[in-house]
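# Structural features, examined
This is what each chain is made of:
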Amino acid sequence: MGTLRVVSGLLCAAAAFAAPPDGSAIYSASCAACHDHPQERVPSRESLAKRAPEDVITALSTGAMKEQGKNLNDADKRAVARFLTGKEPSVAVTAAPPVTRCASGPAPITMSDGNWNGWGRDVENTRFQPSPGFTAEDVPKLKVKWAFGYPGMFTYGQPTIIGDRLYVTSGNGTIFALNAQTGCTYWTLETGTSARTAISVGPAPANSGAKYLAYFGDEKAVVHAVNADDGKPLWTNKVDEHPVARITGAPVLYKNDLYVPVSSVEEVSGRNAKYECCKFRGSIVKLEAATGKLLWKTHTITDPPTAWKKNNVGTQMYGPAGAAVWSAPTLDVKRKVVYAGTGNSYTDVDQNTANAILAIDMETGSLKWSRQVTPKDNFLVGCNKPGDGNCPEIVGPDVDFGSSPILRTLPNGKQVILAGQKSGAVYALDPDKRGAILWQDRLSEGSALGGVEWGFAADRENAYVAIADSVTKPDVAKPGITALNIATGKRAWSTPAPKAECTWGKGGCLPAQSQAVTAIPGAVFSGSMDGHLRAYSSQDGSIVWDFDTGKPFETVNGVKATGGSLDAAGPTIANGVLYVNSGYGRIVGRGGNVLLAFTVDGR
């Protein structure tokens, strides 16, 4: 017994003085091959170094790098995060953020045309605000009225504005309801999972104890419905069981139903040759808004994946797979149709609904038609050698439809579906002829992070299309913004991106205009990876306002905050205020953590 105590004591002492995990060694063994030589959508080591350490831990635990992190314990993940960022992770990955509570309660929620509800402001996803509360002539006088700092992570969501309330998701899983005029906090909700979608607000069902509900999706493929007045959860529904399924596009609310897009990061997981790739299929899900009950689920790839061959290390492969839906679906109420743009295929198993615009019956979920524009775009992240491991034999260019289709009506009453692709091409499709192409124009060579990335806008005359080309070869990249006539496709004007100018230096300082575009009568707003938010005249494309968001700001909630790259979610405009998140650094840009509110003369 005495000997046992001695041995036990020695073991405990050895454990106590055991060397901590070596973050550098773990990174070199598990991460360096991709991040030291980044391609396509792989963030560089320099980009990772600018993130919060908690973000790195989350990515390895539940995020895009879940497959790569599955054999790492908590101490290993913390060591990698510490090594990459040079910062000590907090004890808890998600911590309650500091808040500045509003001194008085909010006014009753009011729904009006001046609001910005959801991703595209309307179910046609036009991203056009006809009643902004200021004029195009006022735009050069826009100044920061207030700034709000997100704790820890770079910015994710796009603000929704309903009356005097601003709702927004965040990277650490906190949902915020702020006063839209002052930035003080009405309530917060901790979901524990990153959420990046825009929030849709609508009337609550009878007997729910709420007047209005707010709906959003998270990165575990869970849809949430919460009381819009106080943030109390009403229901949740996990709409896809695949381990790396997620919701990146905003759920769209119409009457009593919610239409939800489902995406995944399996094209990252599939790069591991021992991973059985691939089994995820994108989908559109219809839920009953009152209860979250599943009404139908339509996969973007009709046939389920089956075993088809083994890769060169003996791992069983599956297919077809892919065709994720990254963006908010578009509703055609007249024809009772949901339009969705799909991403690339993950495998060599042929299927014709990837890189396509799909039309799905709103009532039944049946696929009415699909229009594929890039066949055989089979792609996994980081495939340098075709056929190696799970890599496709012919690796595609990865030119998803990553932005929402737009439904617009021409002066003669005819309607068109507008679609922008990462290839740099823009299409006008005929909704009455199964998506037949009416016109098309290719604005750039595009790439995996090029062409039309997150979204464009359209008023009643033109579509305003920003081009990213973040990783396109410099001699052929064409970042900038172009106005295309909706009826003819003719270019009304085209303005190249100004030379990138960043207050933070070279890292992520790019002229790419990948952020979703927003339009008002007479002006168009487009953000750049260099942190500049610019306004263009919708008449001739001249730049009428330019604001550098990539710098520190004093915030109303006391959180230390700085801006960075403008990417992903675009500006929203309502009731005389323009809102934008600055600091999206997920892949090639620079992270930041600030929400800015602009008004005429900062009033």
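Structural notes, computed from the coordinates. (Residues numbered from 1 in each chain as written. Predicted model: local features only at pLDDT ≥ 70, side-chain atom pairs only at ≥ 80, totals over all residues. Heavy atoms only, no water.)

Membership of the largest hydrophobic core comes to 29 residues, with the highest contact counts inside it found for Y215, V223, L258 and L287. Counting only elements with at least two residues in this core, the list comes to β7 (212-217), β8 (222-227), β12 (257-264) and β13 (283-288). Looking at this core, the element that brings in the most residues is β12, giving 3 residues. Among all residues touching L258, those that are not within four sequence positions of it are Y215, V223, W235, P251, V252, L253, V285, K286 and L287. Grouped together as the second largest cluster of nonpolar side chains are 22 residues, V325, A328, M362 and A516 included. (Core = buried A, V, L, I, M, F, W, Y, C linked by side-chain atoms within 4.5 Å. Buried < 20%, exposed > 50% of the residue type's maximum accessible area, 1.4 Å probe, protein only. Helix = DSSP H or I, 4+ residues; strand = E, 2+ residues; numbered from the N terminus. Contact = heavy atoms within 4.5 Å.)

Let us look at the sheet that holds strand β6 (residues 200-203). Strand order in the open sheet formed by 4 strands is β6-β7-β8-β9, with antiparallel pairing between adjacent strands. The open sheet has two edge strands with one neighbour each: β6 and β9 (233-238). Averaged over all neighbouring strand pairs, the angle between strand axes comes to 20 degrees, with direction disregarded. Relative to β9, β8 is paired through 5 bridges, and the arrangement is antiparallel. Directly across from V222, in β9, lies its bridge partner K238. (Pairing = 2+ DSSP bridges. Axes fitted to C-alpha atoms, helices over the stretch in contact; angles between N-to-C directions.)

Moving on to the pairing of strand β24 (residues 436-442). Side-chain positions along a regular strand alternate between the two faces of the sheet. With 6 bridges joining them, strand β23 (residues 425-430) and β24 adopt antiparallel strand pairing. Pairing of D430 across the sheet is with A436, part of β24. The loop that links β23 with its antiparallel partner β24 comprises 5 residues; one of these, R434, has a positive phi angle of about 55 degrees.

Burial analysis of strand β30 (residues 523-527) places 5 of its 5 residues in the buried class, the great majority of the element. Of the two faces of β30, both are covered, the one formed by A523, F525 and G527 as well as the one formed by V524 and S526. In the sheet, strand β29 (residues 518-520) pairs with β30 via 3 bridges, with the strands oriented antiparallel. In the sheet register, T518 faces β30, and the bridge partner there is F525. As judged from the 5 bridges shared by β30 and strand β31 (residues 532-537), these two strands associate in the antiparallel manner. Residue pairing in the sheet places F525 in a bridge with A535 of β31. Hairpin geometry of β30 and β31 is characterised by an intervening segment of 4 residues between the two adjacent antiparallel strands and by a positive phi of about 95 degrees at G531.

Per the stated rule, a full pass over the model turns up 4 disulfides. Across the disulfide from C102 sits C184; the S-S distance is 2.0 Å. Judged by the sign of its S-S torsion, about 100 degrees, the bond between C102 and C184 is right-handed. A residue pair is termed long-range when its members are at least 10 positions apart, and C102 in the loop between α7 (74-85) and β1 (142-149) and C184 in the loop between β4 (174-179) and β5 (185-190) qualify at 82 residues. (Disulfide = S-S within 2.5 Å.)

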